[in-house]
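Structure assessment
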Amino acid sequence: MLLYALTIFLSAFLLFQVEPIIAKIILPWFGGSAAVWATCLLFFQLALLLGYLYAFVLVRRLRPSMQSRLHVALLAVSLLALPMIPRQAWKPTGSEDPSIRILLLLASSVGLPFLLLSSTSPLLQAWYAEERRGALPYRLFALSNAGSMLALVSYPVLVEPVFSTRHQAVGWSLAYAAVAALSAVAALRPRGEMAARPHGESSPSPGWKLQLLWVALAACASSLLLAITNHLSRNVAAIPFLWVLPLSLYLLSFILCFEGHGWYHRGIYLRLWAVALASMTYALSPDYANAGLSLLIPLYSAGLFLCCMVCHGELARLKPHPDHLTSFYLMISLGGALGGVFVGLLAPHVFRAYFELPISMGACAILVLIVLYRDASGVFSAARWKPAWLIALTLVLSLLASLVYVTEEGIQNARLLVRNFYGGLKIVDEPRPDAEHEVRKLVNGTIEHGMQFQQAARRRLPTSYYGPDSGVGLAIRDAEQRGPVRLGVIGLGAGTLAAYGRPGDHYTFYEINPLVVWLAHTQFTFLQDSAAEIDIVLGDARLSLERTPAQGFDVLAVDAFTSDSIPVHLLTREAFELYFRHLKPGGVLAVHVSNKYLDLAPVVERGAESLGKPAQLVDDPDDKDRGTYHSRWVLVSDRQDFFANPLISESTQSIEVPHRVRLWTDDYSNLFRVLK
C-alpha cells in the first residue's frame, strides 16, 4: 500500500507540475495569449484520456506479467524524451492559428512521459484492487488529486519566483527519471499469473445511460474550469497564478468528493451552488466588466469550486464497484477531454464572442436537474411534481433566461463581432448628442484598443492613448524636428499612430492577430488617410524583429500591454537588447504601460537600467474634447539631449522601483509581483 500510495502521489505531483512549466516556456512563442494556456489544458486532458485508456486496455486485455513488462518497457522508452525542453524549430513562422502547432509541440516534448504519468493512478489502483479483494481503492484517487494540487499550489509560490524556466525543466526531468524507476518497481511486484478476469462476472456492468452521465458530469466541470480560467486570464494576464488557482480548486473538489469521509452533502452544496451560479450570472453583466480583482477572483473561484463540488460529488455518488474502476476513470477523462475540446478548440472557431462561460453555466444547471430527476431518493423522488421539484425547475429556467439576457446585453451595441485564437474583438459605434464627438471603437474584452472620430474633419486626429502629449506623441514630435521619421510600432490596434504620418515618413506596424489588421483596414481610416509609407508585418513582433536586419527606427513604440493578456516576452532584457538593435543611435524606445491591474513601469525601468540607459515616465491625463485617455508611457533613450528637450523634460518624471521587482529575462518573469 505504501509503495502504491507513494508512486501515485509523486506521479500526480509531476503530472501537474509540468503543466505550468512547459506552458510558461512556450507562452512567448505564441504571442503571450491567454489562449495558449487553454490549448495546453486541452492537450493535457487529451493526454490524460489516452493514459486512462491505456490503463483500461492493459488491465482488461493482458495477463499481469505482460502488463508489467509492457509498462516497464514504455517507461524506459519515455526517458529518451528527456530533458523536457521544446525544440526551437517549433516556433511559429507567421500568423497562422497556432492551436494544432501547440498540440504537436507538446506531444513531441512531453507526450509519452505525460501519458505514462497519467496512467499511474488508475493502473496502480486496479493492481491494488486485484491484489486485495474487497479493498476500496478510491481513496488512492483522492491521494492522486492531493499530489496534483500540491504541485500546482507550490509552483507560483516556491518554483516560479526562484528558478528559471530552464532550471525548472531540467529539475522536472531528473525527478521524472526517479519516479519512472519507482513506477517500474511497483509494476514488477509479483501479482500472480492469473489471466485478466472478465470484470462483468462478479458485478453487473454499468449501463450506457449511467456511463453517459459520468461523461456529462466530468465534461461540465471541465468546461467550467477552462471557461472561468479564460475569463480571469483575459481580464488580467496569462500568468501561472491565474492558471493554477482555478485548477487547484477543481482538484480540491475531486479530493473532497472521493476521499471517503462524505465531504459532499447534497442538500448543503446544492443551495450554495444555486447562489454561486446566480452570482456569476449577475457578474457577467456589462455593469461588472470593470470590477476589481478583489471581487472577480473570489467570486469566480468560489463559483467554480461549488460547481465542481456538485458535479464531482454526484460522480462520487454514482461510482461503480472497483471491478469497473478503470472504465469509470476512462469515462471521467473522456468527459474532461470533451469539455476541453469545447472551450479550447471549438469555441474560438465557432463563436463570435466568449459565449462558452454562459453556455457551460447553463449546461451545469440543466445537468444537475437531470441528475435530481433520475435520483430515486430524497425530496426529488418519484413524485416529480411536488413543490421542491417545481421550485428547482423554476430556478433553472430563470437562470437560463438570465444568462441569455446578460449575454445579449454584452453584445447588443456591437457593430461587428469577430474572434480567433488570439481573442475576441468587437467594433462599437457610440452616437453622441453632438455629431462632432461621435466615435467608433475597437474593443477587446473590457479594453479599448483604438478610437476614431467619425466626422470627416476630425477623423485624422490621434486619439485614445496616443494624443500629442502622450509619451509616444512626444517622442514622435521630437523626432519630427530632425526630418522624416522612421517609426516602428509593436501592436497595430486601430492604426491610430498612422495619424502622425507625414510625406517622407516610414511607419512599420508589427501585429500578431490577422483580424486586427483586417479591422484596421475595413473599419477605420487611419491607415488609408496617413501620408506616411505604411508597412504591416504579420506575426509575433519579437520573432519578426529577430529575423530581420536592423531597421534604423527613430522611435520604436511597444504598445502591447493595455490588453487583457500580457505578452511577457516583450518586457525582458533580451527583448530590450533587440529593440535597441533596431533603433538608430540615440533613438527612442516608447513603452506603453497603461494597465488596470499591473504596474509595469518598474519592469521597464529595470530593463533600461540593465542596458545603462535612462528611462522616464510620461503620465498624460485624459482630455475628452480631444478624445484622448489617461495614458502612461515609459521613454528610454541614451541620447544626451533627449530628456533635456523642453518638450520632453516638462512632461516626464522618474520611476520608483520597489525592491521586490527583479530584472525580467527570458528565463525569469513574475507578474504576481507587479500586481497593483
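Below is a summary of the structure that appears in this document. Keep in mind it's a predicted model, so treat the numbers as computed, not measured. (Residues numbered from 1 in each chain as written. Predicted model: local features only at pLDDT ≥ 70, side-chain atom pairs only at ≥ 80, totals over all residues. Heavy atoms only, no water.)

With respect to the packing of helix H3 (residues 64–78) against helix H4 (residues 99–131)
- Closest axis-to-axis distance for the H3/H4 pair is 10 Å, and the angle between their directions is 155 degrees. Taken together, the axis directions place H3 and H4 in an arrangement best described as roughly antiparallel. Crossing geometry of H3 relative to H4 is assigned as left-handed. Where H3 abuts H4, its residues Gln-67, His-71, Leu-74, Leu-75, Val-77 and Ser-78 lie against Leu-112, Pro-113, Leu-116, Ser-119, Leu-123 and Trp-127.
- A per-class count over the contact of H3 with H4 returns 8 nonpolar, 4 polar and no charged. (Axes fitted to C-alpha atoms, helices over the stretch in contact; angles between N-to-C directions. Helix = DSSP H or I, 4+ residues; strand = E, 2+ residues; numbered from the N terminus. Parallel < 35°, antiparallel > 145°, perpendicular 65-115°, else oblique. Left-handed = near helix turned anticlockwise from the far one by under 90°. Contact = heavy atoms within 4.5 Å. Nonpolar A, V, L, I, M, F, W, Y, C, P; charged D, E, K, R; others polar.)

Some remarks on the sheet that holds strand S1 (residues 414–420)
- Read from one edge to the other, the open sheet built from 4 strands follows the order S1-S2-S3-S4, with strand pairing classed as antiparallel. Of all the strands in the sheet, the pair left with one neighbour each is S1 and strand S4 (447–453). Recorded for the sheet is a direction-independent mean angle of 15 degrees between the axes of neighbouring strands.
- In this structure, strand S3 (residues 439–444) lies alongside S4, joined through 6 bridges in antiparallel fashion. By the bridge assignment for S4, Arg-440 is matched with Gln-452. (Pairing = 2+ DSSP bridges.)

Examining the pairing of S1
- Examined bridge by bridge, S1 and strand S2 (residues 423–430) share 6 bridges and lie antiparallel to one another. Pairing of Leu-416 across the sheet is with Ile-427, part of S2.
- Counting the residues between successive antiparallel strands, the hairpin from S1 to S2 contains 2 residues.

Re the side chain of Ser-327
- Position of Ser-327 relative to the elements: it lies in helix H11 (residues 325–350).
- For Ser-327, a relative accessible area of 10% gives the class buried.
- If near-sequence neighbours (up to four positions away) are discounted, Ser-327 is found in contact with Phe-56, Arg-60 and Trp-214. (Buried < 20%, exposed > 50% of the residue type's maximum accessible area, 1.4 Å probe, protein only.)

A short note on unusual backbone geometry
- Note that the residue after Leu-82, namely Pro-83, is joined by a cis bond; omega there is -5 degrees.
- Here Pro-83 lies in the loop between H3 and H4.
- Phi angles above zero are rare outside glycine, and Ser-464 is one such case at about 50 degrees.
- For Ser-464, the location among the structural elements is in the loop between S4 and helix H14 (471–480).

A closer look at the nonpolar core
- In this structure, Ile-26, Tyr-579 and Leu-589 are the most contacted members of the largest nonpolar core, which totals 171 residues.
- Among residues more than four places away in sequence, those in contact with Ile-26 are Val-36, Cys-40, Pro-86, Ile-102, Leu-105 and Leu-106.
- Membership of the second largest hydrophobic core comes to 44 residues, among which are Val-472, Leu-474, Ile-476 and Ile-648. (Core = buried A, V, L, I, M, F, W, Y, C linked by side-chain atoms within 4.5 Å.)

Things to note about H11
- The end-to-end C-alpha distance of H11, which contains 26 residues, comes to 35 Å, matching closely the 38 Å that a straight helix rising 1.5 Å per residue would cover.
- Along H11, the sharpest change in direction is near 35 degrees and occurs at Phe-342. (Expected span 1.5 Å × (residues − 1). Bend = angle between axes of the 7 residues up to and from the residue.)

Comments concerning the sheet that holds strand S5 (residues 486–490)
- Pairing in this open sheet of 8 strands is mixed, and the strands run S7-S6-S5-S8-S9-S11-S10-S12 from one edge to the other. Strands at the two margins of the open sheet, each flanked by one partner only, are strand S7 (533–538) and strand S12 (652–653).
- Direction of pairing for strand S8 (residues 553–558) relative to strand S9 (residues 583–592): parallel, over a ladder of 5 bridges. Directly across from Leu-556, in S9, lies its bridge partner Leu-589.

Observations concerning the side chain of Gln-452
- Residue placement: Gln-452 occurs in strand S4.
- Of the residues examined, Gln-452 reaches a relative accessible area of 2% and is grouped as buried.
- At 2.9 Å, the side chain of Gln-452 and the backbone oxygen of Arg-459 are in polar contact.
- Look past the residues within four positions of Gln-452 in its chain and what remains in contact with it is Glu-438, Val-439, Arg-440, Arg-459, Thr-463, Phe-524, Thr-525, Phe-526 and Asp-529. (Polar contact = N/O pair within 3.5 Å; in protein donor to acceptor, adjacent residues only side chain to side chain.)

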